[in-house]
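# Structure assessment
Listed below are the residues making up each chain.
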Amino acid sequence: MSTMGGLSQMKLAVNFLTIGLVILSLPCGSYTEIPPKPPGSVTVLPPVKPAGGPQAFPDAENSNLPVFTMDYARIQVPFEVTLWVLLASFAKIGFHVYHKITFWVPESCLLISIGLIVGAIMHSVHEEPPAVLSYNVFFLFMLPPIVLESGYFMPTRPFFENVGTVLWFAVVGTLWNSIGIGMSLYAVCQIEAFEVQDINLQENMLFAAIISAVDPVAVLSVFEDVSVNEQLYIVVFGECLFNDAVTVVLYNMFIFVADMPVVEPVDVFLGVARFFVVGLGGMGFGVIFGFVASFTTRFTSNVREIEPLFIFMYSYLAYLVAELFSISSIMAIVTCALTMKYYVEENVSQRSCTTIRHVVKMLGTISETLIFFFLGVVTITTEHEWNWGYIMFTLLLALVWRGLGVLVLTQIINPFRTIPFNFKDQFILGYGGLRGAISFALVFTLPDSIGRKKLFLTTTICMIMFTVFIQGISIRPLIEFINVRRTNRNLETINVEIHSRLIEHTIAGVEDLCGQWSHYYWKDKFLKFNNRILRKILIRDNRAESSIVALYKKLELQNAMEILDTVSGDINAGSSIVSLQYVYPLSPSSSCSLSLSLYFALSLILLLSLSLACSPSLSLSLVLSLTLSCSLFYPLLSKGLKSS
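Residues numbered from 1 in each chain as written. Predicted model: local features only at pLDDT ≥ 70, side-chain atom pairs only at ≥ 80, totals over all residues. Heavy atoms only, no water.

### Some thoughts on the packing of helix α4 (residues 107–124) against helix α18 (residues 453–482)
For the record, the criterion: Fitted lines through C-alpha atoms give the axes, limited to the stretch in contact for helices. The angle between two N-to-C directions lies from 0 to 180 degrees. Numbering goes from the N terminus for both helices and strands, where a helix is a DSSP run of H or I of at least four residues and a strand is a run of E of at least two. Roughly parallel covers angles under 35 degrees, roughly antiparallel covers those over 145, roughly perpendicular covers 65 to 115, and oblique covers all other angles. Left-handed is the label given to a crossing in which the near helix is rotated counterclockwise from the far helix by less than a right angle, and right-handed is the label when the rotation is clockwise. By definition, residues are in contact when any of their heavy atoms lie within 4.5 Å.
Contact geometry for α4 and α18: axes closest at 10 Å, N-to-C directions at 135 degrees. The pairing of α4 with α18 is recorded here as oblique in orientation. Here the hand of the crossing between α4 and α18 comes out left-handed. Side by side, α4 and α18 meet where Ser-108, Cys-109, Ile-112, Ser-113 and Leu-116 of the first sit next to Ile-464, Met-465, Val-468, Phe-469 and Ile-473 of the second.

Right under this line is the structure:
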């Protein structure tokens, strides 16, 4: 009986559900309703539906409340940008899992390689890369963090001790390379066999300015690892930074000149005048905004949480105002960073100072990583114009003019230096002229009015691939083979500081007696002016502090942070190992395998999300390729980690 009753109850429930679904499926205002008759004697006839064809006034379709919706078009741009950033970040994590990879192969090479793989997959399924790199995006959003990072982390004392040499190589050296390569390429274009007679002198000069932008990120990382001498390091660092500023000025000037049918002699003089006005104007704006930022942080003692915001806003504002007046925005933001760093770090708290350093480093790294990654993608997915004669001559001329420039400029500047550059230093200066993110972004954002834009893009990519992969990988063995002069960078002690200050004061006094004004004399005068006037205006606690006392505080702070990191690392490692072994006893090899598995799983999820944003076919291809790569490289990487 109970079974029969249960069946009847189930039938009754099914009948009620069926009736309910039928009622819900009826449209609103069903035909069972009788509309009220309007007042009056007028009879309202129902609309007559035509026998066939579309209706003039079709019945409105009723839409119900959706339970689940998806509006991808609304969040497409930020969603894809976020996924690209995450994918590049996961690639960086994968590179540093096994440290021997990045020891011999520069990180830029690995990022370009990952971009080439993703670009090949997208090309195989006929997908186009997202248009995330445009002229405004690069110059207004991606370039400022890169330049701010370089300017903020510039070693101050070595830079000002070698500022003449840095500007000599950055300004005169860039002009040397741009003019020499441009004129030589114009001569090559006159050869009929290469079929590039339509490229005029202005376009060749524009292209030469683009490929004159050096980006020795890989070289600087090698310099830090092997501790090359401080003079060589700061010259390469400073040349890279100010070379970008000179290149962008020439780039904008030659773009304007390229559209001119005839260049008059007066245009040449105006171009030279504009070059100096743009550079000096950018430096002026940078100094002004740097002083304003320093003065503002004097009053932030009660609002410590917004102190880093002023640093980023004033730096970016200096860049934007310089762009507003069409002057060198790179010079503006670099000068702003160099000016405010000394005063700001004395006004803000230690936590704010740490936050500023980490955020500046993070933003610059993300921007440069994205550009290298996008370079690899564009190399495969973009249509190229191949002209092997033009490409090979460009590579040859770039190497020749770079080497000649270093030799000639060094012979001119060596008599004025206390420690001259020897032949080994000159060879590393010439060989370390790698091209990178700036050159690619400049050529990729060329206007469409340039007729041979595709040829310029192909040649620039070949130049970057050659310098980054060949010169970037071989620079470490060459430095160790020719035994470049090195410096112990860990000798920052109180004893060294005392003797350095003694020597500087002695040399400044001797120069004052002899009537000679070198950088020691001007440095002593600036320190007096800084202690008497600038510190009183820009710093909250304006008492002049000895450099020896400042160094003592810095060393004590570094020592305390190292101890704290060591203790916290031991505690965290101990607790994590205990908790893992309590749940499931893990050996070092199984822990390594677990970390690799988690990394590949996260990469798979990210690639799936990125590919689904493009197409299902791309998703399937990415899944297959990632599965194949995991099966191939997982045992090798796991074995290498176990052995290390």
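### Focus: the packing of aromatic side chains
Stated formally: For this analysis, a ring pair means two rings from Phe, Tyr or Trp (six-membered ring only for Trp) whose centres lie within 6.5 Å, classed as stacked if their planes differ by under 30 degrees, edge-to-face if by over 60, and tilted for the remaining angles. Each residue's exposure class comes from its accessible area (1.4 Å probe, protein chains only) as a fraction of the maximum for that residue type: buried when under 20%, exposed when over 50%, partly exposed otherwise. Two conditions define a charge sitting above a ring: the NZ of Lys or the CZ of Arg must be within 6 Å of the ring centre, and it must be within 35 degrees of the ring normal.
Within this structure, the stated rule accounts for 22 aromatic pairs. Between Tyr-152 and Phe-153, the ring centres sit 5.8 Å apart and the planes meet at 80 degrees, which makes this aromatic pair edge-to-face. Each ring, one from Phe-159 and one from Phe-242, has its centre 5.8 Å from the other, and the planes form 10 degrees; the classification is stacked. A residue pair is termed long-range when its members are at least 10 positions apart, and Phe-159 in helix α6 (residues 156–161) and Phe-242 in helix α10 (residues 230–258) qualify at 83 residues. Grouping residues by exposure puts Phe-159 and Phe-242 together as buried. Taken together, the aromatic side chains of Phe-138, Phe-139 and Tyr-251 make up a single cluster linked through ring pairs. For the cation-ring pair, Lys-361 lies above Phe-153, with the distance from its terminal atom to the ring centre recorded as 5.3 Å. One Lys or Arg, Arg-417, reaches over the ring of Phe-421 and ends 4.4 Å from the middle of that ring.

### Some thoughts on the pattern of salt bridges
When their charged atoms lie close together, side chains carrying opposite charge are able to pair. We count it as follows: When a carboxyl oxygen of Asp or Glu is within 4 Å of a side-chain nitrogen of Lys or Arg, the pair counts as a salt bridge.
This structure, assessed with the given rule, holds 10 salt bridges. The residue Glu-239 makes a salt bridge to Arg-402 at a minimum N-O spacing of 2.7 Å. Taken as a pair, Glu-239 in helix α10 and Arg-402 in helix α15 (residues 388–413) lie far apart in primary sequence, 163 residues in all. Note that Glu-383 is salt-bridged to Lys-454, the shortest N-O span being 3.4 Å. On the criterion of sequence distance, the pair formed by Glu-383 in the loop between α14 (350–381) and α15 and Lys-454 in helix α18 is long-range, its members being 71 residues apart. Exposure remark for Lys-454: the relative accessible area of 41% places this residue in the partly exposed category. Here the salt bridges do not stand alone but share partners, grouping Asp-198, Glu-385 and Arg-452 into one network.

### Observations regarding unusual backbone geometry
Although it is not a glycine, Glu-195 sits at a positive phi angle of roughly 60 degrees. Its location among the elements puts Glu-195 in the loop between α7 (163–189) and α8 (201–211). A positive phi angle is found at Ser-326, which is not glycine, with a value near 55 degrees. Relative to the elements of secondary structure, Ser-326 occurs in the loop between α12 (307–324) and α13 (329–347). Here Ser-326 falls in the partly exposed class, since its relative accessible area comes to 41%.

### Quick word on the side chain of Thr-335
Note that Thr-335 resides in helix α13. Residue classification places Thr-335 among the buried positions, given a relative accessible area of 11%. Those residues in contact with Thr-335 that lie beyond four places of it in its chain are Met-283, Gly-286 and Val-287.

### Structural notes on α4
What counts is decided by this rule: The span expected for a helix works out to 1.5 Å for each residue beyond the first.
With 18 residues, α4 should cover 26 Å at 1.5 Å per step; its first-to-last C-alpha distance of 26 Å lies within 8% of that length. If you check which residues of α4 are buried, you get Ser-108, Cys-109, Leu-110, Leu-111, Ile-112, Gly-115, Val-118, Gly-119, Ile-121 and Met-122. After α4 finishes, the residue His-126 shows a positive phi value of roughly 60 degrees.

### Describing helix α5 (residues 135–152)
To keep things clear, this is the line we draw: By definition, a residue's bend is the angle between the axes fitted to the seven residues ending there and the seven starting there.
Look at α5: 25 Å from first C-alpha to last across 18 residues, which is about the 26 Å you get at 1.5 Å a residue. Along its length, α5 reaches its greatest deviation from straightness, about 45 degrees, at Leu-143, and the proline Pro-144 lies no more than four positions downstream. Looking at α5, one finds that the buried residues are Phe-138, Phe-139, Met-142, Leu-143, Pro-144, Pro-145, Ile-146, Val-147, Leu-148, Glu-149, Gly-151 and Tyr-152. Check the buried side of α5 and you find it contacts α10, α12, α13, α14 and α17 (437–444).

### A closer look at the nonpolar core
Rules: Definition of nonpolar core: a set of buried residues of the types Ala, Val, Leu, Ile, Met, Phe, Trp, Tyr and Cys, connected through side-chain atoms within 4.5 Å.
Phe-138, Phe-223, Tyr-390, Phe-440, Leu-446 and Ile-479 are the most contacted members of the largest nonpolar core, which totals 127 residues. Discounting chain neighbours no more than four positions away, the residues touching Tyr-390 are Leu-185, Cys-189, Val-196, Ile-199, Asn-204, Phe-207, Leu-455, Phe-456 and Thr-459.

### Topic: a nonpolar patch on the surface
Inclusion rule: Patch building starts from residues that exceed 30% relative accessible area and form no salt bridge, then joins like charges within 9 Å and nonpolar side chains (Val, Leu, Ile, Met, Phe, Trp, Tyr) within 5 Å. For every accessible area listed, the method is Shrake-Rupley and the probe measures 1.4 Å; residues are considered covered only by the protein chains on display.
On the surface, a cluster of nonpolar side chains totalling about 690 Å² of accessible area is made up of Leu-396, Val-400, Leu-404, Leu-407, Val-408, Ile-412, Phe-423 and Phe-427. Looking at the nonpolar patch, the elements with two or more residues in it are α15 and α16 (423–431). It is α15 that contributes the most residues to the nonpolar patch, six residues altogether. Its relative accessible area of 38% is what places Leu-407 among the partly exposed residues.

### Some words on the packing of α4 against α14
Heads up, the condition is: For this classification, Asp, Glu, Lys and Arg are treated as charged, while Ala, Val, Leu, Ile, Met, Phe, Trp, Tyr, Cys and Pro are nonpolar and the rest, including Gly, are polar.
Interaxial distance between α4 and α14 falls to 7 Å at its minimum, and their mutual angle equals 40 degrees. Taken as axis vectors, α4 and α14 run oblique relative to one another. The chirality of how α4 crosses α14 is right-handed. Seen from α4, the contacting residues are Ser-108, Leu-111, Ile-112, Ile-114, Gly-115, Leu-116, Val-118, Gly-119, Ala-120, Met-122 and His-123; seen from α14, they are Thr-369, Phe-372, Phe-373, Leu-375, Gly-376, Val-377, Thr-379, Ile-380 and Thr-381. In the contact of α4 with α14, the residues fall into 12 nonpolar, eight polar and no charged.

### Some words on the environment of Ile-112
Residue position: Ile-112 is located in helix α4. C-alpha separation for the pair Ile-112 and Leu-375, spaced 263 residues apart in sequence, amounts to 6.5 Å. Once you skip the residues sitting within four places of it in the chain, Ile-112 turns out to touch Phe-372, Leu-375, Gly-376, Ile-464, Met-465, Val-468 and Phe-469.

### Digging into the side chain of Thr-297
What counts, and what does not: Between N or O atoms, a polar contact is any pair within 3.5 Å; within protein, one atom must be a potential hydrogen donor and the other a potential acceptor, and residues adjacent in sequence are included only when both atoms are from side chains.
Considering the arrangement of structural elements, one finds Thr-297 in the loop between α11 (265–296) and α12. From its side chain, Thr-297 meets the backbone oxygen of Ser-294 in a polar contact 2.8 Å long.

### Considerations on the confidence of the model for the chain
Our working rule: Along the chain, pLDDT gives the predictor's confidence residue by residue, from 0 to 100.
Overall, the predicted model of the chain reaches an average pLDDT of 76, with 74% of residues at or above 70. Overall, residues 16–45 carries pLDDT values under 50, and its contacts beyond four positions in sequence, including any with other chains, amount to four contacts. Below pLDDT 50 for its whole length, residues 627–644 participates in 19 contacts with residues either more than four positions away or in separate chains.

### Observations concerning the environment of Trp-104
Note on placement: Trp-104 falls in helix α3 (residues 99–104). Classification of Trp-104 as partly exposed rests on a relative accessible area of 45%. Counting along the chain gives 373 residues from Trp-104 to Pro-477, while the straight-line C-alpha distance between them is 9.1 Å.

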